[in-house]
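# Analysis of the macromolecular model
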Amino acid sequence: MRLKYVLSEVLTGLWRNVTMTIAMIITMTVSLTMLGASLLLFFQVNKMEDFFYQRVEVSIFLKADVTDEQRGSIKSALESSALVKEVTYESRDQAWERFKTQFRDAPDLVNATKKESLPESYRVKLKDPTKVKELSAEIGTQQGISDIVDQQELLKKVFELLGALQTLALTVAIIQGAAALLLVANTIQVAAYSKRREVAVMKLVGASNWFIQLPFVLEAVFAGLLGALLAFGGLVAAKFFFIDGSLKALANVLLPIDWSSIWLMLPVLCGAGGLVSAITAWVTLRFYVRV
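Residues numbered from 1 in each chain as written. Predicted model: local features only at pLDDT ≥ 70, side-chain atom pairs only at ≥ 80, totals over all residues. Heavy atoms only, no water.

## Here we look at the UniProt feature "transmembrane region" (unreviewed entry) in the protein
With numbering aligned to this structure, UniProt lists the feature "transmembrane region" (unreviewed entry) at residues 21-43, 168-193, 214-242 and 262-285. With 100% helix and 0% strand, the stretch residues 21-43 has end C-alpha atoms that lie 33 Å from each other. Between the first and last C-alpha atoms of residues 262-285 the distance is 35 Å; the span itself is 100% helix and 0% strand. (UniProt positions renumbered as here; feature names shortened; annotations may be inferred. Helix = DSSP H or I, 4+ residues; strand = E, 2+ residues; numbered from the N terminus.)

See below:
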């Protein structure tokens, strides 16, 4: 009987303030979607760092007029270095073929580029990817070297950008979350005020505080859980239509987001939406509404 009463009160309260309930659900959905996206981005950036830093190379580009003797001296210096794990030589023809393969979807760029503009190079993998400066100091005096490029420095700029986007998404999620919590608190206050006479009667007949407060708390939990489910649905849709759809071509660069990571967001979002809403409602009733 008590459970039936509580559930009927929850449904009545949600319908009585339907516009505020909808606004609360929408706000929770947006904030939780941003929270889930920022968490996925956080995990993905860490995953990309581990993946790419293990495959980072140092590109040693040779001058256009490099001699066979200089080329051989550079190769010997690299192969004898204690810092080097693997050395791969790339000729101008090989560089040209790789360039055409990488930019096959941009024929204008390929046609505008001459093979002679692509230098020979040595692709070097280090035993410790952080020892690039030591390698540069060791072989930088060799004749015939045009430039030494550390791919890790290029990746660092990309990860700094991704980190900034990660921080931005998390900041927006926090702001949206704060707005959702304020809306939850306001909705609970309005609902409690509209039922102040019923609450007074219940107190007179000896109803406990938790029994009086429970319908209001469950209203907030319902809105939080529904917002979490909608947010999760948005992440699933983004994974299906964008990450595995229109952005699938970038999977080799950005790494695909696993479905396991997406499913992990369901309990996280439901926990955040339901628990935070319940706590907010309880605090509101406890300190701001006399029930």
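## Quick notes on the sheet that holds strand S1 (residues 58-62)
With antiparallel pairing, 4 strands are arranged side by side in an open sheet as S2-S3-S1-S4. What marks the edges here is a single partner per strand, and that holds for strand S2 (84-90) and strand S4 (145-150). Taken over all neighbouring pairs, the strand axes of this sheet differ in orientation by 20 degrees on average, direction set aside. Relative to strand S3 (residues 121-126), S1 runs antiparallel, the two being bridged by 4 bridges. Residue pairing across strands places Val58 opposite Val124, the latter belonging to S3. Sheet strands in contact with helix H3 (residues 68-79) are S1, S2, S3 and S4, and its direction is about 5 degrees off that of S3. Across the sheet, helix H6 (residues 132-139) touches S1, S2, S3 and S4, and the angle it forms with S4 is around 170 degrees. (Pairing = 2+ DSSP bridges. Axes fitted to C-alpha atoms, helices over the stretch in contact; angles between N-to-C directions. Contact = heavy atoms within 4.5 Å.)

## Examining the side chain of Ser277
Structurally, Ser277 can be placed in helix H11 (residues 259-287). On the accessibility criterion, Ser277 (0% relative accessible area) is buried. When sequence neighbours within four positions are dropped, the list of residues in contact with Ser277 reads Met28, Val184, Ala220, Val221, Gly224 and Ala272. (Buried < 20%, exposed > 50% of the residue type's maximum accessible area, 1.4 Å probe, protein only.)

## A closer look at the packing of aromatic side chains
Evaluated as defined, the whole model comprises 3 aromatic pairs. Seen in terms of ring centroids, Phe240 and Phe241 are 5.0 Å apart; in terms of plane orientation they differ by 85 degrees. Their pairing is edge-to-face. The residues Phe240 and Phe241 share a single accessibility class, namely exposed. (Phe/Tyr/Trp six-rings, centres within 6.5 Å; stacked < 30°, edge-to-face > 60°.)

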